[in-house]
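Listed below, chain by chain, are the residues.
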Amino acid sequence: MSKYLQSIPVTTRGILALMLALTCLSSMDATVKYLGDSYEVFQLIWIRFLGQSILVLFIVFAFYKKSLKTTSFGMQMLRSFFLFIGTVCFFVGVTTIELGAATAILQVNPIFIALGGYFLLGEQLGWEKIVGVSLGLLGTLIIIRPGSDVFTFWTLFPIAAAMGFAGYAIVTRYLSRSESVWNSLLYTTVIGAILSSFIVPFFWSPIAIGDLPFLLLIIVMGTLGQLFIIIALFWAPTTTLAPISYFSIIVATFFGMVFFNEFPDLFTYFGALVIMVSGLFVWWIQRQRVELSLN
């Protein structure tokens, strides 16, 4: 398996890891939406962050004790703070508007990531990445249709979440130069677990036994999603991964149809197609360049 993985170009590995991460996180978001009528958002946030912290600590103590050490504690805390802000804003958004719509609005995130990677990390922003990000944004605009009923006060939360997640991604990419994957995963939820522990008593509701599997699903999918995002950012530049982030719209729309009876209109289907084309276009260009460099 390891030899097969090494035979895949590192950028392609990063793209596949991100797609897997987005699938896991969309599963978590769908579960949060399902439980949103029974529990306050901050209670679900606390369960997500504290559960992930405990799970990762168990893994680290068992197999990766060296991950407890970090040379960039301040940056790790900043990254965790960005993730906490993004999670709070998106959980509020996903419990108040349609899952597909909230995810579509969140897709301004790759714009912030691409620009941040270019201006802050010195990453290249070639013409193909500009085209890919622009096509993805166009597809998003087709889905949400500015001026339509999708734009309400609650749409501001996915936009704020996009900024938080972009900051998280940029700092993660910066830390990939000096920190390990497990080190970054360990510190990912520290701030979120601490802050939400102070807030959750004011929003607490008794937990039904029948909801425990769904709460566990939030923890597991959130942990796996963050793990694969970190791996993706260790393998590929943010400017390359930015257009691939639009894949989450496809997954979220599917979950909305299957579990919440939220059927998209033709505009959503067309916008989703544009988004898929943008991601595949960037991947194809990158793959062609890798093949040329090997010949």
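Asker: Give a detailed account of the pattern of salt bridges, specifying residues and quantitative values.
Answerer: Evaluated as defined, the whole model comprises one salt bridge. Between Glu 262 and Lys 33 there is a salt bridge, with its nearest N and O atoms 3.6 Å apart. Here Glu 262 is found in the loop between α13 (247-260) and α14 (266-294), whereas its partner Lys 33 is found in helix α2 (residues 10-35), with 229 residues between them in sequence. Both residues of the pair, Glu 262 and Lys 33, count as buried.

Asker: Lay out the packing of aromatic side chains with the relevant residues and their values.
Answerer: This structure, assessed with the given rule, holds 11 aromatic pairs. Each ring, one from Tyr 34 and one from Phe 214, has its centre 4.9 Å from the other, and the planes form 45°; the classification is tilted. Of this pair, Tyr 34 sits in helix α2 while Phe 214 is found in helix α11 (residues 212-235), placing the two residues 180 residues apart along the sequence. Classification of Phe 214 as partly exposed rests on a relative accessible area of 31%. Their ring planes at 50° and their centres at 5.9 Å tell us that Phe 49 and Phe 84 sit as a pair that is tilted. Taken together, the residues span a long stretch of sequence, with Phe 49 in helix α3 (residues 41-63) and Phe 84 in helix α4 (residues 73-94) at a distance of 35 residues. Of the two residues, Phe 49 and Phe 84, neither departs from the other in class, the shared state being buried.

Asker: Could you give me a rundown of empty space enclosed by the protein, with the residues and numbers involved?
Answerer: Under the counting rule described, the total for this entry stands at one cavity of 30 Å³ or more. By volume, the largest cavity amounts to about 450 Å³. Along the walls of the largest cavity sit 27 residues, with Leu 22, Leu 25, Asn 109, Phe 165 and Ile 229 positioned nearest its centre. Mapped by element, the contributors of at least two residues to the lining of the largest cavity are α2, α4, α5 (99-106), α6 (109-120), α8 (156-175), α11 and α12 (238-241). Residues belonging to the lining of the largest cavity are distributed by class as follows: 16 nonpolar, nine polar and two charged.

Asker: Tell me about the side chain of Asn 109, residues and numbers included.
Answerer: Here Asn 109 is to be found in helix α6. Its relative accessible area of 10% is what places Asn 109 among the buried residues. Within the structure, Asn 109 has its side chain in polar contact with the backbone nitrogen of Ala 166 (distance 3.2 Å). When sequence neighbours within four positions are dropped, the list of residues in contact with Asn 109 reads Ala 162, Phe 165 and Ala 166.

Asker: So what's going on with the layout of surface pockets? Which residues, and what values?
Answerer: Of the pockets and cavities examined, the largest pocket occupies roughly 230 Å³. As for the largest pocket, its lining consists of 14 residues, and the residues nearest its centre are Glu 98, Ala 101, Pro 264, Asp 265 and Thr 268. Every element with two or more residues in the lining of the largest pocket is listed here: α5, α7 (127-144) and α13. A class-by-class count of the residues in the lining of the largest pocket yields six nonpolar, four polar and four charged. The calculated volume of the second largest pocket comes to roughly 200 Å³. Contributing elements (two or more residues each) for the lining of the second largest pocket: α2 and α14. If one sorts the elements of the lining of the second largest pocket by residue count, α14 sits on top with five residues. When the residues that make up the lining of the second largest pocket are grouped by side-chain class, the tally is 11 nonpolar, one polar and no charged.

Asker: So what about a nonpolar patch on the surface? Which residues, and what values?
Answerer: A contiguous nonpolar patch, built from Leu 55, Leu 216, Val 220 and Leu 224 and spanning about 280 Å² of accessible area, is present on the exposed surface. Sort the elements by how many residues they give to the nonpolar patch and α11 lands first, with three residues. By the secondary structure assignment, Leu 224 is in helix α11.

Asker: Please give an account of the nonpolar core that cites residues and values.
Answerer: Leu 18, Leu 44, Ile 45, Phe 90, Ile 218, Ile 229 and Leu 241 are the most contacted members of the largest nonpolar core, which totals 73 residues. Sort the elements by how many residues they give to this core and α2 lands first, with 11 residues. Discounting residues that sit within four places of it in the chain, Ile 218 has contacts with Met 28, Thr 31, Val 32, Leu 35, Leu 44 and Arg 48.

The rules behind the values
- Residue numbers run consecutively from 1 along every chain, following the written order of its sequence.
- Under the rules for a predicted model, residues below a pLDDT of 70 receive no local features and side-chain atom pairs below 80 are neither given nor counted, while totals for whole chains, interfaces and linings still include all residues.
- To obtain the side-chain values, all non-hydrogen atoms of the structure were included, while hydrogens and water were left out.
- We define a salt bridge as a contact between a side-chain nitrogen of Lys or Arg and a carboxyl oxygen of Asp or Glu at a distance within 4 Å.
- Secondary structure elements follow DSSP: runs of H or I no shorter than four residues count as helices, runs of E no shorter than two count as strands, and numbering proceeds from the N terminus.
- A 1.4 Å probe rolled over the protein chains alone gives each residue an accessible area, and that area as a share of the maximum for its type sets the label: buried under 20%, exposed over 50%, partly exposed in between.
- Classification of ring pairs rests on two measures: the distance between centres of Phe, Tyr or Trp rings, Trp counted by its six-membered ring, which must be within 6.5 Å, and the angle between planes, read as stacked under 30 degrees, edge-to-face over 60 and tilted in between.
- The definitions used throughout rest on a 1 Å grid laid over the protein atoms alone, on which a cavity is an enclosed set of points accommodating a 1.4 Å probe that cannot get out and a pocket is an open set flanked by protein within 12 Å on both sides along at least five of seven lines; lining residues are those having an atom within 4 Å of a point.
- Grid points are joined across faces, edges and corners, and a volume is the space filled by probe spheres set on the points.
- For this classification, Asp, Glu, Lys and Arg are treated as charged, while Ala, Val, Leu, Ile, Met, Phe, Trp, Tyr, Cys and Pro are nonpolar and the rest, including Gly, are polar.
- Two N or O atoms form a polar contact when they lie within 3.5 Å of each other; inside protein one atom must be a possible hydrogen donor and the other a possible acceptor, and for residues adjacent in sequence the pair counts only when both atoms belong to side chains.
- Whether two residues are in contact is decided by their heavy atoms, any of which lying within 4.5 Å being enough.
- Patch membership requires more than 30% relative accessible area and the absence of a salt bridge. Residues of like charge join within 9 Å; the nonpolar side chains Val, Leu, Ile, Met, Phe, Trp and Tyr join within 5 Å.
- Calculation of accessible area relied on Shrake-Rupley with a 1.4 Å probe; when residues are assessed, cover is drawn exclusively from the protein chains displayed.
- Residue types Ala, Val, Leu, Ile, Met, Phe, Trp, Tyr and Cys, when buried and joined through side-chain atoms within 4.5 Å, form a set referred to as a nonpolar core.

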